[in-house]
Amino acid sequence: MHERWMRYTRRYEGLNVFPYTCPTGHLTIGYGHNLEHGISKEAAEFILQQDLDAARTAVSRRFAWWQKLNEVRQFVLVDMCFNMGLAKLTTFKKMLHALKQQDYQAAAREMLDSRWAGQVGHRAQELASMMKTGEYYD
């Protein structure tokens, strides 16, 4: 792709990082991307990476003890943050307290004893298993 083409189009389209309705009535984002056409798998993968990075940053900043967890348990918190947001994750006070105490069985129980677990079903079961064992669920 020619950088000149992109530069020209950027100048006239303008960047909108939030969805908006264009003058012709189409839901649009970015530099005039019509969302009604969807996005490419590559774009979706890029967005997922950015969103997981943002969740990781939020969790690591909010919970100083997070660094002491193994990779799998870190991922569980990041995935929960990605799924429901940091504000909602912080309401899991008993689970977070158990994690600080390295009581992974209790943390897993608290994860499953929540409305969130009922909403996400099997995902919660897998994450709780990962929290309990410290190993990825396969």
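Residues numbered from 1 in each chain as written. Predicted model: local features only at pLDDT ≥ 70, side-chain atom pairs only at ≥ 80, totals over all residues. Heavy atoms only, no water.

Participant: Lay out the overall build of the protein with the relevant residues and their values.
Facilitator: Of the regular secondary structure elements, the protein holds 8 helices and 3 strands. When its helices and strands are written in sequence order, the protein yields α-β-β-β-α-α-α-α-α-α-α. The C-alpha radius of gyration computed for the protein amounts to 20 Å, which surpasses the reference 14 Å derived for 138 residues by more than 25%, pointing to a less compact arrangement than a globule. A principal-axis box enclosing the C-alpha atoms of the protein has dimensions of 55 × 30 × 30 Å. Burial statistics for the protein: of 138 residues in total, 30% are counted as buried. (Helix = DSSP H or I, 4+ residues; strand = E, 2+ residues; numbered from the N terminus. Rg over C-alpha atoms; globule rule 2.2 N^0.38 Å. Buried < 20%, exposed > 50% of the residue type's maximum accessible area, 1.4 Å probe, protein only.)

Participant: Could you give an account of helix H6 (residues 104-112), with specific residues and numbers?
Facilitator: Among the residues making up H6, those that are buried are Tyr104, Ala106, Ala107, Ala108 and Met111. Those residues of H6 that are buried lie in contact with helix H3 (71-84), helix H5 (93-100), helix H7 (115-120) and helix H8 (122-133). (Contact = heavy atoms within 4.5 Å.)

Participant: Could you give me a rundown of the sheet that holds strand S3 (residues 33-34), with the residues and numbers involved?
Facilitator: One open sheet accounts for 3 strands, arranged S1-S2-S3; its pairing is antiparallel. The open sheet has two edge strands, strand S1 (16-21) and S3, and neither has a second partner. (Pairing = 2+ DSSP bridges.)

Participant: How would you sum up the packing of H3 against H8? Please name residues and give values.
Facilitator: Two elements in contact, H3 and H8, have axes whose closest approach is 8 Å; the angle formed by their N-to-C orientations is 150 degrees. The angle between H3 and H8 falls in the class roughly antiparallel. For the pair H3 and H8, the sense of crossing is left-handed. Across the interface between the two elements, Val72, Arg73, Phe75, Val76, Asp79, Met80, Phe82 and Asn83 of H3 pack against Arg123, Leu127, Met130, Met131, Lys132 and Thr133 of H8. (Axes fitted to C-alpha atoms, helices over the stretch in contact; angles between N-to-C directions. Parallel < 35°, antiparallel > 145°, perpendicular 65-115°, else oblique. Left-handed = near helix turned anticlockwise from the far one by under 90°.)

Participant: Which residues make up the side chain of Thr90, and what values do they have?
Facilitator: Of note, Thr90 is situated in the loop between helix H4 (86-89) and H5. From its side chain, Thr90 meets the backbone oxygen of Ala87 in a polar contact 2.7 Å long. With residues up to four places along the chain from it excluded, the contact list for Thr90 reads Arg62, Phe63 and Leu96. (Polar contact = N/O pair within 3.5 Å; in protein donor to acceptor, adjacent residues only side chain to side chain.)

Participant: Go over the pairing of strand S2 (residues 27-30), please, and point to the residues and values.
Facilitator: In the case of a regular strand, side chains alternate between the two sheet surfaces. With 3 bridges joining them, S1 and S2 adopt antiparallel strand pairing. Residue pairing across strands places Thr21 opposite Leu27, the latter belonging to S2. Between S1 and the antiparallel strand that follows it, S2, lie 5 residues; Gly25 among them carries a positive phi value of about 90 degrees. Bridge count between S2 and S3: 2 bridges; the pairing is antiparallel. Across the sheet, Ile29 pairs through a bridge with His33, a residue of S3. Here S2 folds back onto S3 in antiparallel fashion, the turn holding 2 residues, of which Gly32 has a positive phi close to 80 degrees.

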